[in-house]
Every structure is written in C-alpha cells, then in structure tokens.
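# Notes for the structure review
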Amino acid sequence: MGANVCLSDVMFLPYLKDLPQQYFQSYFIGIGVGQALPMVLAITQGAATYDCVPKNATDPDSPLEPVFTSRFGVEVYYSVVFVFYAIGILSFVLLSIKKKNLKKDGSIKSTTRVTKKDCDLPAFQFKSRQDVMLVLMNMTMCAQLYVFVPSITPYAVLPYSKETYYYTNILSCLCGPLGALMARAMPTRDIKKVFLWYLVVISLSSFNVLLAFQSPKPILVGTFVGSVMIVSCQCLMWLIGFYVYSMLIEIVRETAPAEHITERRLIYSGLISQLGSFIGTVTVFVSVNMLELFKEVPPC
C-alpha cells in the first residue's frame, strides 16, 4: 500500500497522457474519492468519536479517559477497502484494454512513429519561468495537502471540541472530490488565476499552522464562532487545494512544447509531487516528534 501511494503520481500521470482529457480529470476525482472513502468508513465505524469515562468506575472523581465504541470491527473496514482496491484493479485492466484504441479526442488511434530526433531531447523539460512556477507550486501544494494539513489538523481543531473535530473530518473529506469536480466544471489554464488560488490555499494553511502553534488555547476557543471558523478553514483548504492541484497538472500537460515531451513532463511532475510530500513529512516529523513545537489537547 505504501508503494502504491508513493508511486501513484509517478506512474499514473504519464500513463494518462494518451487518453482523452476527461480521463485525466477523472483521475483527480478518483484521488479525492480514494482519500474520502477510508475517512468516511472510519467515521462510520466511530473512530472519530469517543466518550470520556472515569478510569475507576467506582470512583467518580478519578481521571477521565477516552473510550472508543466501534460500530463494526477492523475486519469489515479492511474488507471494504479491499473491495475498493479490487474495483480499482479491474478498472485499470479495462482501461488498459480500451487505451490501445483511443486518441486524446476519443477517436481511434493510429500508429505513430517516434524518430531519433524525438529521443534526443534533453532529459529535463522545465526551463521557462512559468515551468519553474509550476514546479514550485506543485511541490508545495502536495506538501500542504498530503502532509501538513492532515498532520497539523488535530492540534488546530481539537481544542475547539471533539464535535468540531468530528464535523471537520466529515466535511473536509467530501471537499477533495468536490474540488476535483470544480476543476472539471470550471477549468482554467491561466497560470495567474491558478497562482492567486494557490496563494489562498497557502494563506489558509498558514492560518491553520498558527492555530496549531496556539494549541491548546487558539483564538476564539470555546465559542461557536471559533468552531465555524476552523471548520470553514479546513473545508476551503481541501476544496481549493484539490482544484489548484488538478489545474497545475493540467497546465503541465497542455503546455508541453511538443506532443512527445508530455510523458516526460508528467513523470517529472509526479516525482516533484513525491519530493514535496517527502520534504513535508521530514518537516512535520522534526517539528512534532523532535522539537515538540505543538502541544496536544487532553482528549478528556
């Protein structure tokens, strides 16, 4: 599973280069759904909620401890995840069969010949100022969506209440697929507009980190306004974040100087995405486990 997560961007993005555009857009919707399903299962199972009960049942003044009551066991959880993976494998097999006869416009594909000149292209295809922007935005966006936001969220949200944390998990896991759908319904290839939305995501993420630093007493803690604020912040991060990430990869694909360069650009985009996730993971690990910059909120 770990290898699948690490190699998904590197392997799938180049694989989709010869398919019609709707397949490429559906990939990002699938990423959002793939992240949402385990979260929905965990919430349904009851993993995000708990009751605080005394450690000593006969002594009401004893310290409280969290008690999780699962609605179903881990066997059911992993069985559903297994079925989800099986459907993905079957879909991939069917797509591979169909891919042989498709062009990007959906028509029947004819055989093309790759010349020696095509093979002699330089290895790295990101050279212009716009390409550098795309690389940096792609790397930092992956670090935000896949590492920083999930890792910092408990420190930023739990101080407001466990109910706030519960609703944040429910709503934010639905915003990823919605962001990918937005990219399909309202696409833009204007790098300036995408950059503005990117700045919005970075600003929301920075605010989220600020709240995590203030844990266990962030601003407006214990108020309804504070709970609404943090839930809205989390949802907007996922919604706009997935929209921006989808558009970034679309721009990388469509701004290739030649058709035969597209695959190489997408491979590098996948590698850059994983590099961003790696840098984010190291940063969070050092901040949380070694420097202990964030303080946990007692569950009860």
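Keep in mind that what you see is a predicted model, and the values were worked out from it rather than measured.

Below, the discussion takes up the overall build of the protein chain. What the protein chain contains, in helices and strands, is nine helices and two strands. Residues counted as buried form 40% of the 300 residues belonging to the protein chain. Looking at the protein chain alone, contacts between residues at least 24 apart form 80% of all its contacts between residues at least 6 apart. For the protein chain, the accessible surface area stands at approximately 16500 Å², while carbon and sulfur atoms represent 68% of it.

With that settled, the discussion passes to unusual backbone geometry. Cis peptide bonds are those with omega within 30 degrees of zero, and the linkage from serine 215 to proline 216 qualifies with 10 degrees. Within the fold, proline 216 resides in the loop between helix H7 (191-214) and helix H8 (224-254). Not every positive phi belongs to a glycine, and serine 161 is a case in point at roughly 155 degrees. With respect to the helices, strands and loops of the structure, serine 161 is situated in the loop between helix H5 (129-157) and helix H6 (162-185). For serine 161, a relative accessible area of 22% corresponds to the partly exposed category. Positive phi, normally seen in glycine, also occurs at leucine 220, with a value near 60 degrees.

Attention now moves to the pattern of salt bridges. Scanning all chains against the criterion turns up two salt bridges. One salt bridge connects glutamate 250 with arginine 189, and the closest N-O pair in it is separated by 3.7 Å. Here arginine 189 lies in the loop between H6 and H7 and glutamate 250 lies in helix H8, a separation of 61 residues in the sequence. A relative accessible area of 1% means that glutamate 250 is categorised as buried. Of the residues examined, arginine 189 reaches a relative accessible area of 31% and is grouped as partly exposed.

The final tally for this structure, using the stated rule, is zero disulfides. Here cysteine 233 is not disulfide-linked; the sulfur of cysteine 235 is the nearest cysteine sulfur, at 9.3 Å. You can call cysteine 233 buried: its relative accessible area is 4%.

For soluble globular proteins, nonpolar side chains are generally found buried alongside one another. By size, the foremost hydrophobic cluster in this structure holds 53 residues, and its most contacted members are Phe28, Met141, Val194, Ile230, Val244 and Tyr245. Mapped onto this core, the elements with two or more residues apiece are helix H2 (21-45), H5, H6, H7, H8 and helix H9 (262-290). Considering each element in turn, this core owes the most residues, 17 residues, to H8.

With respect to the secondary-structure elements, threonine 164 resides in helix H6. Polar side-chain contacts of threonine 164 include one of 3.0 Å to the side chain of serine 227. Other than its neighbours up to four places away in sequence, threonine 164 contacts Val157, Ser227, Ile230 and Val231.

The tally for this structure, following the rule as stated, stands at seven aromatic pairs. When the ring of tyrosine 166 is compared with that of tyrosine 167, the centres are 5.4 Å apart and the planes differ by 75 degrees; the resulting orientation is edge-to-face. Judged by relative accessible area, tyrosine 166 falls into the partly exposed class, the value being 21%. Looking at tyrosine 167, the relative accessible area reads 48%, which means it is partly exposed.

Bringing the environment of methionine 182 into the picture now. Summarising the element assignment, methionine 182 is placed in helix H6. Linking methionine 182 and leucine 239, residues 57 residues apart in sequence, is a C-alpha distance of 8.6 Å. When residues no more than four places from it in sequence are discounted, the contact partners of methionine 182 are Pro187, Leu239 and Tyr243.

Time to look at the environment of tryptophan 197. By secondary structure assignment, the location of tryptophan 197 is in helix H7. With a relative accessible area of 41%, tryptophan 197 lands in the partly exposed category. Considered as a pair, tryptophan 197 and glycine 241 are 44 residues apart in the sequence and their alpha carbons are 8.2 Å apart. In contact with tryptophan 197, other than residues within four places in its own chain, are Ile240, Tyr243 and Val244.

Once that is clear, we can look at the packing of H5 against H7. For any two helices packed against each other, the geometry comes down to the angle between their axes and how far apart the axes lie. Packing of H5 against H7 brings their axes to within 10 Å, and their N-to-C directions diverge by 30 degrees. The angle between H5 and H7 falls in the class roughly parallel. Once H5 is placed against H7, the crossing between them reads as left-handed.

Here we take up helix H3 (residues 74-99). The end-to-end C-alpha distance of H3 is 37 Å, a good match for the 38 Å that 26 residues give at a rise of 1.5 Å each. When we look at burial in H3, the residues that qualify are Tyr77, Val81, Leu95 and Lys99.

Before going further, it helps to spend a moment on the UniProt feature "transmembrane region" (unreviewed entry) in the protein chain. Mapped onto the present numbering, the UniProt feature "transmembrane region" (unreviewed entry) falls on residues 76-97, 132-152, 164-183, 195-213, 219-245 and 266-288. End C-alpha atoms of residues 195-213 are separated by 27 Å, and the span's content is 100% helix alongside 0% strand.

Criteria and thresholds
- Residues numbered from 1 in each chain as written.
- Predicted model: local features only at pLDDT ≥ 70, side-chain atom pairs only at ≥ 80, totals over all residues.
- Heavy atoms only, no water.
- Helix = DSSP H or I, 4+ residues; strand = E, 2+ residues; numbered from the N terminus.
- Buried < 20%, exposed > 50% of the residue type's maximum accessible area, 1.4 Å probe, protein only.
- Contact = heavy atoms within 4.5 Å.
- Areas by Shrake-Rupley, 256 points an atom, 1.4 Å probe, with all protein chains shown as cover.
- Salt bridge = Lys/Arg side-chain N within 4 Å of Asp/Glu carboxyl O.
- Disulfide = S-S within 2.5 Å.
- Core = buried A, V, L, I, M, F, W, Y, C linked by side-chain atoms within 4.5 Å.
- Polar contact = N/O pair within 3.5 Å; in protein donor to acceptor, adjacent residues only side chain to side chain.
- Phe/Tyr/Trp six-rings, centres within 6.5 Å; stacked < 30°, edge-to-face > 60°.
- Axes fitted to C-alpha atoms, helices over the stretch in contact; angles between N-to-C directions.
- Parallel < 35°, antiparallel > 145°, perpendicular 65-115°, else oblique.
- Left-handed = near helix turned anticlockwise from the far one by under 90°.
- Expected span 1.5 Å × (residues − 1).
- UniProt positions renumbered as here; feature names shortened; annotations may be inferred.

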